[in-house]
Amino acid sequence: MFNLQQTLWRLQQKTEKAYYLAVLRVLVSVWFIKELLFRWPVFDFLYDNQSSLKINPSQTLAAVGLDVFFLRDHYMLVVGTCLLLLVLNIFGIGRNIVSLLLYLSMTVLYHLNPKFANSGDEMSMLLLLYLSFANTFSHLVLFRRKPFSPGKEKVYNLLSNLATCSIIANLCLSYFVAGASKISQSYWQDGTAIYYFINDDRYSLFAAGGKHVAMPMSLSFIIGYGTVILELLFPFLVFYKRTRPIVLGLCLLMHIGIYSFLMVYGMTIIFVMQYGLFYSNEEVVTTAEKIKAYLKKLFRFAPKQ
C-alpha cells in the first residue's frame with residue numbers, strides 16, 4: 001500500500017538514478033550542440049530582424065520584459081551563450097546554476113522563432129527544465145561536488161528524484177496521448193494510416209519523387225494497430241521487470257522505423273535516450289562497467305616484444 005511519508009523519506013536518502021541522470025545531461029547537451037551546428041547556416045534566415053521569413057517571435061518574450069528586436073538583432077549573442085553553457089554543462093561546470101541558465105537561454109532562442117520547432121525540440125526543452133533541478137553531477141564531471149549539509153542534501157535528493165519522476169511521467173504520458181489520439185482518427189481505425197504515411201513524400205523516404213510504395217493492407221493494419229496498442233500500454237507495462245525489456249525493445253524498433261523510413265529524426269533520438277531511466281542505478285552502472293570492459297578489451301594493443 002502506498003505510504004506518502006515513507007516514499008518522501010526514501011526519496012530524500014539519495015539520488016536514485018544518479019548515473020543515468022549524468023548520462024542524460026551529457027546526451028541532451030550534445031544533442032543541442034549538434035542541432036545548433038546543423039542550423040548554423042540558416043540562423044540569419046530564422047532569427048534576424050531583416051530576414052525575408054516574416055515570423056513574429058513568441059509573445060512570451062515581450063511578456064517577461066525582454067526586448068525582442070534587440071535579441072533578434074543580436075541573435076548570435078544568444079546562440080553563443082547557449083553553446084558556452086552547453087559545453088560547461090557537459091563537463092558539469094557550474095552545476096545546477098549553469099543548467100538553469102542553459103534552460104533559460106535555450107528558451108529565449110526557442111521563442112525567437114517558435115514556428116521552427118518539432119516534437120523533438122519540445123521534448124528536449126522539457127528535459128532541460130527537469131534536469132536543471134536534478135543532481136546530474138555525481139558522475140561524468142571534471143570536479144566532484146562537495147556534499148551539502150545533511151538537511152540540504154536531503155532536499156537536493158528529493159528535488160532530483162522528483163525531477164526524474166517528472167521525466168518518466170512525461171514520457172509515459174506522451175506515448176499514451178499519442179496512442180489515444182491515433183485511435184480516435186478514422187485512418188488509424190481502419191488500418192490504412194501506415195499505408196498513407198509510407199506513400200506521402202513529405203514523410204516517407206520511399207515515396208520521394210512521387211513514387212508509389214506497394215504495401216499489403218494486412219501489413220499496414222498490423223503495424224498500425226501494433227503501434228497504437230504499444231503506445232497505449234507503454235505506461236502500464238514498462239514498470240514491470242518482466243515486460244519492461246519487451247516494451248522498450250518494441251518501442252526502439254518502432255523508433256528505428258520512424259527514423260529510417262519516415263524521416264522523423266529529432267523525436268526518435270530524444271525519446272529513446274530517456275529509456276535508461278526505467279532501470280535502477282545499479283543496473284545502469286553494471287551495464288556501463290561491462291561496456292567499458294568490452295571497449296578496453298576491443299582497443300587493447302598487444303604488448304611490445
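Located above this text is the structure these notes cover.
Residues numbered from 1 in each chain as written. Predicted model: local features only at pLDDT ≥ 70, side-chain atom pairs only at ≥ 80, totals over all residues. Heavy atoms only, no water.

## With respect to the packing of aromatic side chains
Alright, step 1. According to the stated counting rule, one finds 13 aromatic pairs in the structure shown.
Alright, step 2. Summarising the aromatic geometry, the rings of F148 and Y156 are spaced 5.3 Å apart at their centres and angled 70 degrees between planes, so their arrangement reads as edge-to-face.
Alright, step 3. Its relative accessible area of 9% is what places Y156 among the buried residues.
Alright, step 4. With 5.5 Å between their ring centres and 75 degrees between their planes, Y195 and Y196 make a pair best called edge-to-face.
Alright, step 5. A network of ring pairs unites the aromatic residues Y175, F234, F239, F271 and F278 as a single cluster.
Alright, step 6. Seen from the ring of F38, K34 lies directly overhead, with NZ or CZ sitting 5.4 Å from the centre. (Phe/Tyr/Trp six-rings, centres within 6.5 Å; stacked < 30°, edge-to-face > 60°. Buried < 20%, exposed > 50% of the residue type's maximum accessible area, 1.4 Å probe, protein only. Lys NZ or Arg CZ within 6 Å of the ring centre and 35° of its normal.)

## Some thoughts on the side chain of K17
Alright, step 1. Of note, K17 is situated in the loop between α1 (4-13) and α2 (18-39).
Alright, step 2. There is a polar contact of 3.0 Å between the side chain of K17 and the backbone oxygen of L277.
Alright, step 3. In terms of polar contacts, K17 uses its side chain to reach the backbone carbonyl oxygen of Y279, at 3.0 Å.
Alright, step 4. When residues no more than four places from it in sequence are discounted, the contact partners of K17 are T164, L277, F278, Y279, S280 and N281. (Helix = DSSP H or I, 4+ residues; strand = E, 2+ residues; numbered from the N terminus. Polar contact = N/O pair within 3.5 Å; in protein donor to acceptor, adjacent residues only side chain to side chain. Contact = heavy atoms within 4.5 Å.)

## Remarks on the nonpolar core
Generally speaking, nonpolar side chains in soluble globular proteins are found buried as a group.
Alright, step 1. Among the nonpolar cores identified, the biggest contains 60 residues, and L24, L109 and F234 are the most heavily contacted of them.
Alright, step 2. Of the residues forming this core, the biggest block, ten residues, is contributed by α2.
Alright, step 3. If sequence neighbours within four positions are ignored, F234 has contacts with L171, C172, Y175, V247, L248, C251 and F278.
Alright, step 4. W188, I198, V213 and V228 belong to the second-largest nonpolar core, a separate cluster that totals seven residues. (Core = buried A, V, L, I, M, F, W, Y, C linked by side-chain atoms within 4.5 Å.)

## Concerning the pattern of salt bridges
Alright, step 1. Inspection of the entire model under this criterion finds eight salt bridges.
Alright, step 2. A salt bridge links K34 to E35; its shortest N-O distance comes to 2.4 Å.
Alright, step 3. When the shortest N-O distance is used, the salt bridge between K292 and E289 registers 3.8 Å. Of this pair, K292 and E289 both sit in helix α15 (residues 281-298), three residues apart, which is roughly one turn of that helix. (Salt bridge = Lys/Arg side-chain N within 4 Å of Asp/Glu carboxyl O.)

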